[in-house]
Amino acid sequence: MSGAAGCQGGGGGERGPRWRRPWRLLALGLLSASSVLAAAPGAGAMSKEEKRRLGNQVLEMFDHAYSNYMEHAYPADELMPLTCRGRVRGQEPSRGDVDDALGKFSLTLIDTLDTLVVLNKTKEFEEAVKKVIKDVNLDNDIVVSVFETNIRVLGGLLGGHSVAIMLKEKGEHMQWYNGELLHMAKELGYKLLPAFNTTSGLPYPRVNLKFGVRHPEARTGTETDTCTACAGTLILEFAALSRFTGTSIFEEYARKALDFIWEKRQRSSNLVGVTINIHTGDWVRKDSGVGAGIDSYYEYLLKAYVLLGDDSFLERFNTHYDAIMRYISQPPLLLDVHIHKPMLNARTWMDSLLAFFPGLQVLKGDIRPAIETHEMLYQVIKKHNFLPEAFTTDFRVHWAQHPLRPEFAESTYFLYKATGDPYYLEVGKTLIENLNKYARVPCGFAAMKDVRTGSHEDRMDSFFLAEMFKYLYLLFADKEDMIFDIEDYIFTTEAHLLPLWLSTTNQTISKKNTTTEYTELDDSNFDWTCPNTQILFPNDPMFAQSIREPLKNVVDKSCPRGISRAEESLGSGPKPPLRARDFMASNPEHLEILKKMGVSLIHLKDGRVQLVQHAVQAASSLDAEDGLRFMQEMIELSSQQQKEQQLPPRAVQIVSHPFFGRVVLTAGPAQFGMDLSKHKSGTRGFVVTIKPYNGCSEITNPEAVKEKIALMQRGQCMFAEKARNIQKAGAIGGIVIDDNEGSSSDTAPLFQMAGDGKNTDDITIPMLFLFNKEGNIILDAIREYEAVEVLLSDKAKDRDLEMENMDQKLSENDSHKQNSEEASSASQDVVAVSEELEGESSDVTDPDSLSPAHADSDSISISDQDSYTPGADEASTPEPACMQGDSQPQEQKTETESNSKVNWDNKVQPMESILADWNEDIEAFEMMEKDEL
């Protein structure tokens, strides 16, 4: 491989000269191990025919997603695949910070430009570039995220420009191109610069594309906090813009932000926090990890060295990486810690964004922990089909959503290139199968609302097209399948391509090493920068497999845990701080410790116990920190314990024509009747509306109800009474539909139906609860098709592909005109029903044992109560990592459109009803959306 001569590994010697060696090879992780292991005997290599088949399947999947965006959504920013329309900001209910990625600039098309070239779709690329030049307006009066706009739009324009000039130089395509995308990128760069008008150099989190920041009409500029990744993930795009144009100001601003974060790192641990004050530089959230809120900051330090050749970036990365491996890495886990007390874990769950880290470790050359963490993540995926947004250290679902994130596919690609192990091709095959099986819908691919039930969400984020298909295609592509050399480019965090020759172009910035207080690290990981195959895989083609083997059952079996690092480091010294799991309110010693930490315990009249912390009352600043950690642990511990006592959500899946299992509704369970989790096949039958509809008296249409699943309305009697009445009439199951007009799992926590206080063993049929919106989907289907069959189960089952194919064949064999009309009608009906499919699921109702009663900088209060409150997923949700002004409630945001070149309303279908705002569970992981959505 080209560049391999500069990547000689080995031990000993001066590190400084090694940092200055060419990194062209390492930039993409295309290590030469692939040539060694791919041909290893017994490696079980995938045949070329199978690789070609899977590569073609990726192309077909991309075409399905891209063509539906262009047909149903463009020029809107994103496609809503369930309702087959575009998402236009201001015309859909606000999703809070998530919508800050949308700027009425055809986000998905710009984000997809260089993907088209990677997938060898040069004709489509040329057409797309012309559309962007002609249609996209960047001067909209709209507030957008600086971070998202940088990585998606600025990065997309620069990536498009990079491959456009490459194609033009080849002489076959883009001969008319004259740098138009670069001109647009420069215009956008200037629109982002007002955000950097702070004393620290850290940018405001948001900017108005037309009015900037702190302008009377800007509607932004009052924020005080930003996430570390939000401020630290700018250097690649801004430096590339400077190098392409010769205008140095962009690179200067991005460097200043990185310099400030480096200077504000916690000096004793060399870690950075999640959220920082953009004016003072104080850490607002002092937990540290490699996931949401921080991740791409580390990524850009290493890649900035690769692209720009500045040693200081590598020195900083190595310093941080040493701290990560000392404190955060607990193979195969990566757990957040406190930056001031890095021996203490800050939480007991991990978020899905850390799935990028094994890929970064490949670029670093630290292969073993990359293999370990990747294998652990793969085991979680095999259990849930997708990687949940967050999962606990014992691999239970913490946040059940999955917005089709690409980070795991990214790491899979890099690990395959580093090891040549065909195992990773099989991993990629699994990802393809799961996407087609569970996420594919008629108008694209839909995000998963709940990986446990298989329910969908009406969203297909732009990064799905920008990253997922790019990494999957490259995983299976051979060199001859590519029309250019991918090793000539480096990937941004959004997988956009920047050419490595920028390192020697328009170097307007001095390469002077500005890193201060850098300490030489005694760590063998730093004995090389471009790892040599003979070091990583010394005569052992089964190296990767030997590392994976002990982890293959890590999800289904408890991971062996030795003594904790905190306990080990303390030894026989001072006692460790009081942990929430050990606390007993009746223990006088524990109460004394609480007092020392500034935590007071209050017994309320209704029997509840309330804990309140006042940092000023703590014995010392260290005790105050211990108190804050104790309160955070107590909230998390309580919510986790209550999750275990609750029943998980269930699924109602419409399996009859023309749905065939595509429509999955999230349903609440009952505390009585058949336990669907113990009956894997579920209960399948046609649905019928009972009389009387409330089900509170003897059923008057028993002949229609017999051997059917009964639909009834909530209210006027106990749930158990309804169940007994329909069971007596011969029903095989029941669905209770909420009588509160407009209610939806989008806006209300899911709950379980309680019994009547009596013995309910006589009820043997399954009973499920649907909110009004989800229930109307079934009622509308009955009105349209009369015979509607559903499956009641603990989670969505495989689609009935056999029946679907049979139905398609019958349609083809019937008369032309009549059946083409019927097929069109059926297709429209699928869309109409899918339009309402947004059933969100959190854990079922549970007592919110520890809910904040007073939250400010000085105090946190928690209380114990037995009454019904929102689900545990809500209770355990921390404040968003990339969310500014977290203490303020979310407001509905409607942006006004100005001077648009395109009629944004021309493809927006009318909604039957305006959806309510997203529930608190969604708002809570806006911190994660901030980092890659």
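Data block above holds the structure.
Everything quoted here is computed from the prediction, not taken from an experiment.

About the cut-offs
- Numbers given to residues run from 1 along each chain, matching the order in which its sequence is written.
- Per-residue local features of the predicted model are confined to residues with pLDDT of at least 70, and side-chain atom pairs are confined, for both listing and counting, to 80 or more; whole-chain, interface and lining totals are unaffected and use all residues.
- Neither water nor hydrogens contribute to the side-chain values; these are computed over all heavy atoms in the structure.
- A 1.4 Å probe rolled over the protein chains alone gives each residue an accessible area, and that area as a share of the maximum for its type sets the label: buried under 20%, exposed over 50%, partly exposed in between.
- Starting at the N terminus, helices and strands are each numbered in turn, a helix being any DSSP run of H or I of at least four residues and a strand any DSSP run of E of at least two.
- For two strands to be treated as a pair, DSSP must find no fewer than two bridges joining them.
- By definition here, a salt bridge exists when the distance from a side-chain nitrogen of Lys or Arg to a carboxyl oxygen of Asp or Glu is within 4 Å.
- Disulfides are defined in this document as cysteine sulfur pairs within 2.5 Å.

Caption draft 1: Representation of the pairing of strand 28 (residues 767-770) in the model. Residues Met767 and Phe769 line one face of strand 28 and the alternating positions Leu768 and Leu770 line the opposite face, and both faces are buried. Bridge count for strand 27 (residues 733-737) against strand 28 is four bridges, and the pairing is parallel. The residue of strand 28 that forms the bridge with Ile737 is Leu770.

Caption draft 2: Structural context of the pattern of salt bridges. Applying the stated rule across the entire model yields 43 salt bridges. For Glu299, the salt bridge goes to Lys303, with nearest N and O atoms at 2.7 Å. Residue Glu299 and its partner Lys303 are located together in helix 12 (residues 295-308), separated by four residues, close to a single helical turn. Put simply, Lys680 and Asp794 hold a salt bridge, and the shortest N to O gap is 3.6 Å. Taken as a pair, Lys680 in the loop between strand 24 (663-667) and strand 25 (683-689) and Asp794 in the loop between strand 29 (789-793) and helix 27 (801-813) lie far apart in primary sequence, 114 residues in all. For Lys680, a relative accessible area of 55% gives the class exposed.

Caption draft 3: Quick peek at helix 14 (residues 357-364). By the criterion of burial, helix 14 is predominantly enclosed, with eight of the eight residues buried. Every buried residue of helix 14 is accounted for by Phe357, Pro358, Gly359, Leu360, Gln361, Val362, Leu363 and Lys364. At the C-terminal side of helix 14, Gly365 shows a positive phi close to 100°.

Caption draft 4: Here's a closer look at the state of the cysteines. Summed over all chains, the structure comprises three disulfides. Here Cys227 engages in a disulfide with Cys230; their sulfurs sit 2.1 Å apart. Around the S-S axis, the bridge from Cys227 to Cys230 shows a dihedral of about 85° and counts as right-handed. Accessibility assignment for this pair places Cys227 and Cys230 in one class, buried. In this model Cys696 forms its disulfide with Cys717; the gap between the sulfur atoms is 2.1 Å. Every disulfide takes its handedness from the sign of the S-S torsion; for Cys696 and Cys717 that torsion is -85°, giving left-handed. Pair noted here: Cys696 is in the loop between strand 25 and helix 24 (702-705) and Cys717 is in the loop between strand 26 (709-713) and helix 25 (719-728), with a separation of 21 residues, a long-range link. For Cys696, a relative accessible area of 17% corresponds to the buried category.

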